[in-house]
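Below, each chain spelled out in residue letters.
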Amino acid sequence: KHLEAFDLLRPNIENRKPYTIVRLAHTSIDDQQEFGGFAGYGTLGGNSAPVDAVTQTILGAYLRRESINTRILAALYYVDNLVEQTPSNVRDTFSAAYVQAEYDWRPNAALYGRLETSNGTQGDAYLSLLPEFPKDRIVSGINFGLTSRQSLKLELSSGWLAAGRIDQVAVQWSGALP
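Side note on the overall build of the protein
Across its full length, the protein carries zero helices and nine strands. Beginning at the N terminus, the succession of helices and strands in the protein can be written as β-β-β-β-β-β-β-β-β. Taking all 178 residues of the protein together, 29% fall into the buried category. Here the protein has roughly 11,700 Å² of accessible surface; of this, 59% comes from carbon and sulfur atoms.

This is the structure we're talking about:
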């Protein structure tokens, strides 16, 4: 059982329903602080029995605060899922949160650390479709700005999945096309 990935080049729009997210935010005049909330509702299609679809309602809040060389980012999510499956539908809820601190160590290098946690994930029918969902995780890394449109990130993380503990080292290059 799993969810169906969206094929951007060949979308099957006959089976799709809109997924709507609304966000309300307040940003300070100097753009150093932003906070707000969001709400979403939609249905994700399943592509194998017994899962037909997952209908979600998401509520949350977030915060961004910046100073000369530091940033704090945080978010809290509440997710209500209705997994439509054979022989009967299952409704579950869980919550998740993260807080991230960033420090501009050099003009083109930022250090960061993030703590992620969740509650109510044990036995959640929707999350059982996502075995790689991290229940709890600690992340640290460094992001090098190579150019104004490219960056290289080195990240270390340790966390817990449904299957147990996972430790990761990741290197990621990001670039934007002109």
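Still more to cover.
Description of the pairing of strand 3 (residues 51–66)
Where strand 3 lies against strand 4 (residues 70–85), 15 bridges are found, and the strand directions are antiparallel. Its bridge partner being in strand 4, Ile58 is matched across the sheet by Val79. Between strand 3 and strand 4, which pair antiparallel in sequence order, lie three residues.

Some remarks on the environment of Val169
Its location among the elements puts Val169 in strand 9 (residues 164–175). For Val169, a relative accessible area of 64% gives the class exposed. Along the chain, Val169 and Val139 lie 30 residues apart, while their C-alpha atoms are 9.8 Å from each other. When near neighbours in sequence (up to four residues on either side) are disregarded, Val169 contacts Leu154, Glu155 and Leu156.

Things to note about the packing of aromatic side chains
Taken as a whole, this structure holds two aromatic pairs when the rule is applied. Between Phe38 and Tyr77, the ring centres sit 5.4 Å apart and the planes meet at 55°, which makes this aromatic pair tilted. Of this pair, Phe38 sits in strand 2 (residues 33–48) while Tyr77 sits in strand 4, and the two are 39 residues apart along the sequence. Seen in terms of ring centroids, Phe94 and Phe133 are 5.8 Å apart; in terms of plane orientation they differ by 70°. Their pairing is edge-to-face.

Description of the pairing of strand 8 (residues 150–161)
Relative to strand 8, strand 7 (residues 136–147) runs antiparallel, the two being bridged by 11 bridges. Counted as the bridge partner of Ile138 is Ser158 from strand 8. Counted between consecutive antiparallel strands, the loop separating strand 7 from strand 8 contains two residues. Summarising the sheet, strand 8 and strand 9 pair through 12 bridges and their orientation is antiparallel. Bridge pairing in strand 9 places Trp160 opposite Arg165. Taking the residues that link successive antiparallel strands as the turn, the strand 8-strand 9 hairpin has two residues.

Remarks on the pattern of salt bridges
Oppositely charged side chains may form a pair once their charged atoms are brought near each other. Here the structure, examined in full by the defined rule, presents 11 salt bridges. Ionic pairing is found between Arg64 and Asp31, a salt bridge with its closest N-O pair at 3.1 Å. In this pair, Arg64 sits in strand 3 while Asp31 sits in the loop between strand 1 (20–27) and strand 2, placing the two residues 33 residues apart along the sequence. Accessibility expressed as a relative area gives 44% for Asp31, which makes it partly exposed.

Section: the environment of Arg165
Inspection of the secondary structure assignment puts Arg165 in strand 9. On a C-alpha basis, the gap between Arg165 and Arg137 in space is 9.5 Å, while along the polypeptide they are 28 residues apart. Once you skip the residues sitting within four places of it in the chain, Arg165 turns out to touch Ser158, Gly159 and Trp160. Polar side-chain contacts of Arg165 include one of 2.9 Å to the side chain of Ser158. A polar atom in the side chain of Arg165 sits 3.3 Å from the side chain of Asp167.

Procedures and definitions
- Residues numbered from 1 in each chain as written.
- Predicted model: local features only at pLDDT ≥ 70, side-chain atom pairs only at ≥ 80, totals over all residues.
- Heavy atoms only, no water.
- Helix = DSSP H or I, 4+ residues; strand = E, 2+ residues; numbered from the N terminus.
- Buried < 20%, exposed > 50% of the residue type's maximum accessible area, 1.4 Å probe, protein only.
- Areas by Shrake-Rupley, 256 points an atom, 1.4 Å probe, with all protein chains shown as cover.
- Pairing = 2+ DSSP bridges.
- Contact = heavy atoms within 4.5 Å.
- Phe/Tyr/Trp six-rings, centres within 6.5 Å; stacked < 30°, edge-to-face > 60°.
- Salt bridge = Lys/Arg side-chain N within 4 Å of Asp/Glu carboxyl O.
- Polar contact = N/O pair within 3.5 Å; in protein donor to acceptor, adjacent residues only side chain to side chain.

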